[in-house]
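Survey of secondary and tertiary structure
This is what each chain is made of:
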Amino acid sequence: MAGCFWAVVTAQAAVLIGKPLVRVGAHALIVRLSRSSHVVWRAFSLNDPARIVVDLHGVTLPGGRAFWPEHTPPLKDIRAFTHRNGMVRLVFDLTRKAPYAINSLPGGLTLSLAAGGAPRSKARASRAPADPPPAKPPSPHIAPISAPAAPPDIVIAVDPGHGGIDTGACGIDDICEKNVVLRIGRDLAALIDATPGFHAFMTRTGDYYVPLRERVMSAQEHHAAAYISIHANALPEPEGLDIRGAEVFMLSQHGVSREARWLARSENAADRVGDPHFGAGSSSLHNILLNMTQNGTRRASYDLARDVLGALHTIGPVHVDHVEKANFMVLLSPTIPSILIETAFISNPHEALRLNNPGHDEQIAHAIWEGIMRDAPRLRARLGMTPGPRLYIVREGETLSGIAQRFHVSVAALRAANGLHGAILQAGASLRIPSG
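Residues numbered from 1 in each chain as written. Predicted model: local features only at pLDDT ≥ 70, side-chain atom pairs only at ≥ 80, totals over all residues. Heavy atoms only, no water.

**Structural notes on the environment of Arg406**
Worth spelling out the cut-off: Here a helix means four or more residues in a row that DSSP labels H or I, a strand means two or more in a row labelled E, and each is numbered from the N terminus. Here, two residues are considered to be in contact whenever any of their heavy atoms come within 4.5 Å of each other.
Tracing the chain through its elements places Arg406 in helix 9 (residues 400–406). Considering only alpha carbons, one finds Arg406 and Ala311, 95 residues apart in sequence, at a separation of 9.9 Å. Once you skip the residues sitting within four places of it in the chain, Arg406 turns out to touch Thr314, Glu370, Arg374, Tyr392 and Glu398.

This is the structure in structure tokens:
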């Protein structure tokens, strides 16, 4: 058994499931199982032959058995049948053993299979990178072949703050920032990977420490189009016990509030093993800000931050209703639009308990994803791509009229853009949001 995942949540009446949606991405094969409510599930892998098994409780399968042949390596077939005690078992037959990750999201489960055998499982618990083999010098008579300048998908760097020896802020019941933001980051990455044309790169996928400079450099190496750093705020007592709400920051050297300056010093001090001069000097920061201004990165960061803040406002209070500015080291890429999100105040006992609830963390991840999708047309334009439609994943209980009101479009326009005829929306379905 290579991995085992359990998700125990409230099971409602049995729901009917259909054929999983399979999408080939630049870095992984995404298999999404849509459903209309949360279910109890587990997953594990087997060898000889290689396969991944997902057991679902609280769902039914049409006819009791199904077979969906797939021909995209490493996925060969998908089989489904009713197992003992009414459980539905899905078997993903593979052409070879492959690293995988499973995420439970509002409206469905997402299975990600690493392409080309490159491990990228979001479920791994520790970081143990192997030393790369020494590079062989190219033949003097054969010119080396260059890799593509960038992957075809739009890459979003998801940066869960802290990790390992750096716990970040901790609140009531030892609820620590590093664990909360990793869970939110995994949910956000899965949502991004399930969106056509997008791919998520995580700066850390487990409980280990990554220096701040390395986070920024890895985002640049993966040709990220945007950088999302996720944190949970804290202030000393007694102020920190009552203060609440989300905040979104972009990089700035001037116009920084006293609280933002204190927060930036606190977050930057976490880089115990990084380069102490990375962005620390005022002249270095000034040069980076100048480069940002010249290539439009600061404006793009502001637009992204504003869209994410607006989306976070729909799920709860925000601490400050405008984009804030601070000198965070992880925002120092001169070419990547970068924002830092303080999801809530973990120093507030009430907010700490909410952050410790996986369901609430899913809501935060979904709101951040929605903000990124609002900004997607600008991201595509910045990359020289066609704007394309905005996408929205329907959440459980949402109505067409409610979604139309949220995006300031008519119900008729939503129906026309998506070819809809009925009034019922399935949780997990993707909607195209027309402009205007």
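**Focus on the environment of Val323**
Residue position: Val323 is located in the loop between helix 6 (297–312) and strand 17 (324–326). Distance from Val323 to Ala305, taken between C-alpha atoms, is 6.4 Å for residues 18 residues apart in sequence. If sequence neighbours within four positions are ignored, Val323 has contacts with Val248, Met250, Tyr302, Ala305, Arg306 and Leu309.

**Focus: the packing of aromatic side chains**
The condition that has to hold: In this scheme Phe, Tyr and Trp rings, the latter by its six-membered ring, pair at centre separations within 6.5 Å, and the angle between planes marks the pair as stacked below 30 degrees, edge-to-face above 60, and tilted otherwise. We call a residue buried when its accessible area falls under 20% of the maximum for its residue type, exposed when it is over 50%, and partly exposed in between, using a 1.4 Å probe and counting protein chains only.
Considering all chains together, one arrives at one aromatic pair under this definition. Their ring planes at 80° and their centres at 5.2 Å tell us that Phe249 and Phe328 sit as a pair that is edge-to-face. Within this pair, whereas Phe249 is found in strand 16 (residues 247–251), its partner Phe328 is found in the loop between strand 17 and strand 18 (338–345), the two being separated by 79 residues in sequence. Residue classification places Phe249 among the buried positions, given a relative accessible area of 1%. By relative accessible area, Phe328 is classed as buried at 1%.

**Some thoughts on the nonpolar core**
Inclusion rule: Residues belong to a common nonpolar core when they are buried Ala, Val, Leu, Ile, Met, Phe, Trp, Tyr or Cys residues joined through side-chain atoms within 4.5 Å.
Grouped together as the largest cluster of nonpolar side chains are 60 residues, with contacts concentrated most on Leu188, Ile228 and Ile368. With nine residues, the single largest contributor to this core is helix 8 (residues 358–382). Apart from the residues lying within four places of it in its own chain, the contact partners of Leu188 are Val158, Ile228, Ile230, Ala365, Ile368, Trp369 and Ile372. If you look at the next biggest cluster of nonpolar residues, it comprises 23 residues, including Ala50, Leu61, Leu75 and Val88.

**What to know about helix 1 (residues 177–193)**
The condition is simple: Given a helix with a known number of residues, its expected span is that number minus one, times 1.5 Å.
Compared with an ideal rise of 1.5 Å per residue, which puts 17 residues at 24 Å, helix 1 spans 24 Å between its outermost C-alpha atoms and is within 8% of the ideal. By the criterion of burial, helix 1 is predominantly enclosed, with 14 of the 17 residues buried.

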